[in-house]
Amino acid sequence: MLTRRVRHQAKKIKLVKKIVFSLIIFLFIYSVIWRYGGLSEEVLPVSANGSLQPEQYTVLQLPKWRDVLFSGIPRLIGSAGTTIVGMEKKENQTQQFLRDTMLFLTNIDIKDIRSLLQAEIPVLVGVKPVIQTVSAMNFPNFPKFEMVQNTPKDKPLVGLYYTHTAESFVPNTGATHRPGGQRGDIVNVGEALAKRLGTYDIAVVQDTTIHDYPSFMKAYGASEVTVKKMLAENPSLQMIFDIHRDAEKRENYIATVNGVQVARMMIVVTTGQQGLVQPHWQQNHAFAKLIDAKMNQRYPGVSRGIRMDDWRYNQHLHPRALLIEVGCQENTKEEAERGIELLGDIVAEIIAENKQ
């Protein structure tokens, strides 16, 4: 028989458990309200009608002289003071700290209600969570594929080109750009993407026309001609990518996947500006968000997210046209090739879903 002292201690322990459980419930509810109650950062709006609304988008003023000077160099645009229209929303650091602290102290993840229930109902531990598949259906304004299911296998669905054709990787070439109109390492990176898609029986058309020589500043004008030609000659194209590498530090562009180092990548979406109309920016944005979400789900850490620029970079020519920056000048070409192969897996998955 239990003594009075033991019974008293048992009551104390039970009371402490109730208090701790109540505190956990309170913190969980608070975090949910915090996360979904409108206290997050504002992001670039994506409306359902696919058009620009005055209250959603402010037309920028005419470009200044330095904007014109750097119109062919995406990275210099940012350093010259061009306003970035928007950035993809990232999780608040304070929320992440709260989540990590709760997980460490109580083994309860405040973003997963199952972990809270499992703390009180151990039998739920054996129940496996259902992982929601990321698909185009989750993204408003996603441009529908056109008759992909009826497209012959030999007709290309993906187009690749290189506005800055001379871009290279210093560890391989010893320079950031190949001189004198030569094709740089970035072309080999695009070829790695084409080969990866080939393993999924996806036909790719690749244009390696040199656009940044003799005038680097006029590269985008030259590549626009190339894109128009590619689209005219290949009406089956469902998406088109301008492959670049960034100008950054290596530590910001390296990730490890299955024990192997790969180059990370950034997706650039353009919104246009006064005098440079970009009618497809919301569709391009939805396409970029789908790629980013699938990449984060399948290969966490590889995507650096989406950057919004107020130019066009030929994205006004197609509803699924994007600029992809793979690695930086301090990465190796091999790291960039391995990184872009992962993008190939994601693109193949998107095409497969839209064939159904």
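As shown above, the structure is provided for reference.
What counts and how
- Within each chain, residue numbers correspond to sequence positions counted from 1 in written order.
- Predicted model: local features are reported for residues with pLDDT of at least 70 only, side-chain atom pairs are reported and counted for 80 or more only, and whole-chain, interface and lining totals are derived from all residues.
- Note that the side-chain values use all heavy atoms of the structure and ignore hydrogens as well as water.
- Under the scheme used here, helices are H or I runs from DSSP no shorter than 4 residues and strands are E runs no shorter than 2 residues, and both carry numbers assigned from the N terminus.
- Partly exposed describes any residue whose relative accessible area lies between the buried limit of under 20% and the exposed limit of over 50%, with all areas from a 1.4 Å probe on protein chains only and scaled to the type maximum.
- Think of it this way: DSSP has to see at least two bridges between two strands before they count as a pair.
- Between N-to-C directions, angles cover 0 to 180 degrees, with each direction set by a line fitted to C-alpha atoms, over the stretch in contact for helices.
- How far a helix is expected to stretch is found by multiplying one less than its residue total by 1.5 Å.
- Directions drawn from the helix axis to the C-beta atoms are what define this arc.
- Here the term right-handed applies to a crossover when the path leading from its first strand over the helix to its second strand runs clockwise, the strands being oriented away from the viewer.
- Here, the term nonpolar core denotes a set of buried Ala, Val, Leu, Ile, Met, Phe, Trp, Tyr and Cys residues that are joined through side-chain atoms within 4.5 Å.
- Should any heavy atoms of two residues lie within 4.5 Å, those residues are considered in contact.
- Two aromatic rings, drawn from Phe, Tyr or Trp (for Trp, its six-membered ring), form a pair once their centres lie within 6.5 Å of each other, and the interplanar angle then sorts them: stacked below 30 degrees, edge-to-face above 60, tilted otherwise.
- Over a ring means this: the NZ of a Lys or the CZ of an Arg is within 6 Å of the ring centre and within 35 degrees of the ring normal.
- Two N or O atoms count as a polar contact when they lie within 3.5 Å, although within protein this holds only if one can serve as hydrogen donor and the other as acceptor, and sequence-adjacent residues are included solely when both atoms are side-chain atoms.
- Criterion for a salt bridge: a side-chain nitrogen of Lys or Arg within 4 Å of a carboxyl oxygen of Asp or Glu.
- Helix crossings are classified by the rotation of the near helix relative to the far one: an anticlockwise turn of less than a right angle makes the crossing left-handed, while a clockwise turn makes it right-handed.
- Basically, the charged four are Asp, Glu, Lys and Arg, the nonpolar ten are Ala, Val, Leu, Ile, Met, Phe, Trp, Tyr, Cys and Pro, and anything else, Gly included, counts as polar.

Engineer: I'm lost on the overall build of the protein chain in this one. Help?
Structural biologist: Tallying secondary structure elements over the protein chain gives 10 helices and eight strands in all. Taken across its 356 residues, the protein chain has 44% of its residues classed as buried.

Engineer: Mind showing me how you'd approach the sheet that holds strand 3 (residues 239–246) here?
Structural biologist: In sheet architecture, strand pairing relies on hydrogen bonds along the backbone and comes in two forms, parallel and antiparallel. Read from one edge to the other, the open sheet built from six strands follows the order 2-1-3-8-6-7, with strand pairing classed as mixed. Single-partner strands in this sheet number two, and they are strand 2 (204–207) and strand 7 (303–309). Within this sheet the neighbouring strands show an average axis-to-axis angle of 25°, counted without direction. The sheet contact formed by strand 1 (residues 158–161) and strand 3 spans four bridges and is parallel.

Engineer: It is not clear to me how helix 8 (residues 219–233) should be interpreted in this structure. Could you clarify?
Structural biologist: In an α-helix, one turn spans 3.6 residues; hence positions three or four apart end up facing the same way. Under the 1.5 Å per step criterion, the end-to-end length of helix 8 is 21 Å for 15 residues, consistent within 8% with the ideal 21 Å. A219, Y220, S223, E224, T226, V227, M230 and L231 are the residues of helix 8 that are buried. The buried residues of helix 8 all sit within an arc of 165° when viewed along its axis, so they share a single face. What points out from helix 8, more than 90 degrees from its buried face, is the exposed set V225, A232 and E233.

Engineer: Explain the pairing of strand 7 to me, please; I cannot follow it from the model alone.
Structural biologist: Summarising burial for strand 7: six of the seven residues are buried, a large majority. Direction of pairing for strand 6 (residues 265–270) relative to strand 7: parallel, over a ladder of five bridges. Looking at strand 7, one finds that T270 is bridged to D309. With respect to chirality, the unit in which strand 6 leads through helix 9 (residues 281–298) into the neighbouring parallel strand 7 is right-handed.

Engineer: Any chance you could explain the nonpolar core here in plain terms?
Structural biologist: In a soluble, globular protein the nonpolar side chains are often hidden away together inside. Among the nonpolar cores identified, the biggest contains 51 residues, and V158, F241, I243, I291, L322, I324 and L343 are the most heavily contacted of them. Considering each element in turn, this core owes the most residues, nine residues, to helix 10 (residues 333–355). In this structure I291 touches F241, I267, L322, L343, I346 and I350, once residues within four positions along its chain are discounted. Core analysis: the second largest hydrophobic core is formed by eight residues, Y253, W311, Y313 and C328 among them.

Engineer: I would appreciate a short explanation of the packing of aromatic side chains in the present structure.
Structural biologist: For any pair of aromatic rings, geometry is given as the distance between the ring centres together with the angle between the planes. According to the stated counting rule, one finds four aromatic pairs in the structure shown. Between the aromatic rings of F142 and F287, the centroid separation amounts to 6.1 Å while the plane-to-plane angle is 65°, which identifies the pairing as edge-to-face. Remark: F287 occurs in helix 9 and F142 occurs in the loop between helix 5 (113–120) and strand 1; sequence separation between them is 145 residues. Assigned by exposure class, F142 and F287 land together as buried. Here the guanidinium or amino end of R304 rests over the ring plane of Y253, the centre of that ring lying 4.5 Å away. Sitting above the plane of the F145 ring, R320 keeps its charged end 4.1 Å from the centroid.

Engineer: What is the right way to read the environment of R245 from this model?
Structural biologist: Looking at where R245 falls in the secondary structure, it is placed in strand 3. Residue R245 is classed as buried on the basis of its relative accessible area of 5%. Residues R245 and E330 lie 85 residues apart in sequence; the distance between their C-alpha atoms is 10.0 Å. Not counting the four nearest positions on each side in its chain, R245 is found in contact with E167, S168, F169, T176, H177, I186, E325, V326, G327, C328 and Q329. Among the polar contacts made by the side chain of R245, one reaches the main-chain carbonyl oxygen of T176 at a distance of 2.8 Å.

Engineer: Explanation requested: the pairing of strand 6 in the structure shown.
Structural biologist: Where a strand is regular, its side chains alternate between the two sheet faces. Burial within strand 6 is extensive, with six of its six residues counted as buried. Neither face of strand 6 is exposed, since M265, I267 and V269 on one face and M266, V268 and T270 on the opposite face are all buried. Pairing of strand 6 with strand 8 (residues 321–328), which is carried by four bridges, proceeds in the antiparallel orientation. Bridging from a neighbouring strand, V268 pairs with L323 of strand 8.

Engineer: Sorry, what's going on with the pattern of salt bridges here?
Structural biologist: Oppositely charged side chains can form a pair if their charged atoms are brought close together. Applying the stated rule across the entire model yields 10 salt bridges. Of the charged contacts in the structure, one is a salt bridge between E341 and R196, with a shortest N-O distance of 3.5 Å. With E341 in helix 10 and R196 in helix 7 (residues 185–198), this pair connects stretches of sequence that are 145 residues apart. Here E341 falls in the partly exposed class, since its relative accessible area comes to 26%. Accessibility expressed as a relative area gives 25% for R196, which makes it partly exposed. For D345, the salt bridge is made with R196, and the minimal N-O distance between the two is 2.9 Å.

Engineer: I keep staring at the packing of helix 7 against helix 10 and nothing clicks. Help me out?
Structural biologist: Packed helices, taken two at a time, are described by the angle between their axes plus the distance between the axes. Look at helix 7 against helix 10: their axes get within 8 Å of each other, and the N-to-C directions meet at 35°. Our pair here, helix 7 against helix 10, has a crossing hand that is right-handed. Listed contacts from helix 10 to D185, N188, V189, A192, L193, R196 and L197 of helix 7 are K333, A336, E337, I340, E341, L343, G344, D345, V347 and A348. Residue composition of the contact of helix 7 with helix 10, by class: nine nonpolar, two polar and six charged.

Engineer: Can you walk me through the side chain of H318 in this structure?
Structural biologist: Here H318 lies in the loop between strand 7 and strand 8. A relative accessible area of 9% means that H318 is categorised as buried. Polar contacts involving the side chain of H318 include one to the main-chain amide nitrogen of R320, which spans 2.9 Å.

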